[in-house]
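# Report on the structure
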Amino acid sequence: MLAKRIQSKVESLLGVSDFRWKHLPNGVYVLNLHRIGDVASSKLDPNVYSCSAEKLQQHLTYLKQYFDIISLSELIDLVSNTSRADGKYLVVTFDDGYRDNFELAYPILKSLKIPAVFFIATGLIENAELPWWDKVAYLIQRSHIKKIKLPYWKETVELTGNRQIFVRLILNQIKQSTSPICQQITDIENFVGKPTAYPNSEFMTWEHIRELSANGMDIGAHSHSHDILAKLDDEQMLFELSHSKSILEEKLGKKVRAFSYPVGSKNTYNDSVIEALINNGYEIAFNFHPGVNVNLSKNRYDLCRFTIEYMMDDTALKKMLTYAKRI
Ligand SMILES: [Zn+2]
């Protein structure tokens, strides 16, 4: 066991051998992406950029050679009919519904004939106001502060490397704090200076989402307000699940079958959220943890996803998929 672990560690440091890559274990490998484009040109949260359009094309072209890339309904069929995955499947998912998904990712997916699932937080669509993470990033990036601590945060956040990491650490403090997010934003505004106006949000319109849905892409729900579900009371939590589903179904004229948990780490959802998903007719749900999904029926409301990071090259991508936990 130890020898195997050491061998695996040595191999992971060297890269991925061809043999290992070509003999990946059977399972459903789900990719999770957010924004596509040039991070340097954005005034909003740099941490939600997954890759440039060129890199997306490169990653997908490469993975297509090794995986059976399946749609959401094929995945639901697989999960409903098999307890363990019997092949190497890949599912491509995008969270939040940023406009670049339509403008940059969709043409690439179309040209490669790859289906994808877009998880939409319905309250963000055709709403000009920035979501909280983009607001915080905008405030911090235009300020010159090098240190910040709100009274109810556990730690002081200091600028040590680049500003993107500074923003990420601040967002982490906000997520960990039990204070309402709107209060935390007001406190940050008071600390760095409130802008006369924020830029407009950068999400898709309903027209964009309808076009994706009409052309072979699947649409799932990602709550209405993008709040952390485990922090809400039962009534608010139920509203987030049912309202987003009914808006999407009304706008698209199709049944919405899948959900992705906002933020998606283990402490952001729980058994009552899963029970509410089942009661609301959702058939499958995705978290934000890396892992190869092997036990499908057991984990159908807790499917793992691999995050594509901005600086990831093919070697890093292969390493991530090869040395992941099997769940
Ligand atoms: Zn999200």
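Note that this is a predicted model, so its numbers are computed, not measured.

The subject of this paragraph is the coordination of the zinc ion. Here the zinc ion is held by Asp96 (OD), His222 (NE2) and His226 (NE2), and the distances to it run 2.0 to 2.1 Å. Sequence positions of the donors to the zinc ion reduce to the motif D-x125-H-x3-H. Here His222 lies in the loop between strand S9 (218-221) and helix H10 (234-252) and Asp96 lies in strand S5 (residues 88-96), a separation of 126 residues in the sequence. This pair shows no difference in class: Asp96 is buried, exactly as His222 is.

This part takes up the domain arrangement of the protein chain. Each domain of the protein chain was delimited in the assignment, giving domain 1 (26-127 + 202-322) and domain 2 (132-192). Residue-level contacts link 15 residues of domain 1 with 13 residues of domain 2. Summed over both partners, the interface of domain 1 with domain 2 buries about 1,200 Å², with 53% contributed by carbon and sulfur atoms. Scanning the region where domain 1 abuts domain 2 turns up 0 salt bridges. Across the domain 1-domain 2 interface, the total number found is 9 residue pairs in polar contact (both at pLDDT 80 or more). The residue makeup of the side of domain 1 that touches domain 2, split by class, is 7 nonpolar, 3 polar and 5 charged.

Here we come to the UniProt feature "domain: NodB homology" (unreviewed entry) in the protein chain. With numbering matched to this structure, UniProt assigns "domain: NodB homology" (unreviewed entry) to residues 88-327. In residues 88-327, helix accounts for 40% and strand for 12%; the two terminal C-alpha atoms are 14 Å from one another.

Below, the discussion takes up the pattern of salt bridges. This structure, assessed with the given rule, holds 11 salt bridges. Residues Asp100 and Arg35 are paired through a salt bridge, measuring 2.7 Å at the closest nitrogen-oxygen approach. With Asp100 in helix H5 (residues 99-112) and Arg35 in strand S2 (residues 35-36), the pair connects residues that are 65 residues apart, well separated along the chain. Comparing Asp100 with Arg35, the two get one shared label, buried. For Lys245, the salt bridge identified is with Glu249, shortest N-O distance 2.9 Å. Taken together, the residues Lys245 and Glu249, both in helix H10 and 4 residues apart, mark about one turn of the helix. The structure contains a network of salt bridges with shared partners spanning Arg35, Asp100 and Glu202.

Size it by volume and the largest pocket reaches roughly 720 Å³. Taken together, 28 residues line the largest pocket, and the ones lying closest to its centre are Asn47, Val48, Arg168, Lys175 and Phe288. Residue assignment for the lining of the largest pocket shows that the elements contributing at least two residues are strand S3 (49-51), S5, helix H6 (132-142) and helix H7 (163-176). A per-element tally of the lining of the largest pocket places H7 first, with 5 residues.

Rules behind the numbers
Residues numbered from 1 in each chain as written. Predicted model: local features only at pLDDT ≥ 70, side-chain atom pairs only at ≥ 80, totals over all residues. Heavy atoms only, no water. Donors = N, O, S within 2.8 Å, 3.2 Å for Na, K, Ca; no water. Helix = DSSP H or I, 4+ residues; strand = E, 2+ residues; numbered from the N terminus. Buried < 20%, exposed > 50% of the residue type's maximum accessible area, 1.4 Å probe, protein only. Domains from an automatic or database assignment. Contact = heavy atoms within 4.5 Å. Buried area = accessible area lost by both parts, 1.4 Å probe. Salt bridge = Lys/Arg side-chain N within 4 Å of Asp/Glu carboxyl O. Polar contact = N/O pair within 3.5 Å; in protein donor to acceptor, adjacent residues only side chain to side chain. Nonpolar A, V, L, I, M, F, W, Y, C, P; charged D, E, K, R; others polar. UniProt positions renumbered as here; feature names shortened; annotations may be inferred. 1 Å grid on protein atoms, 1.4 Å probe; cavity = no way out; pocket = protein on both sides within 12 Å on 5 of 7 lines; lining within 4 Å. Points joined across faces, edges and corners; volume = space filled by probe spheres on them.

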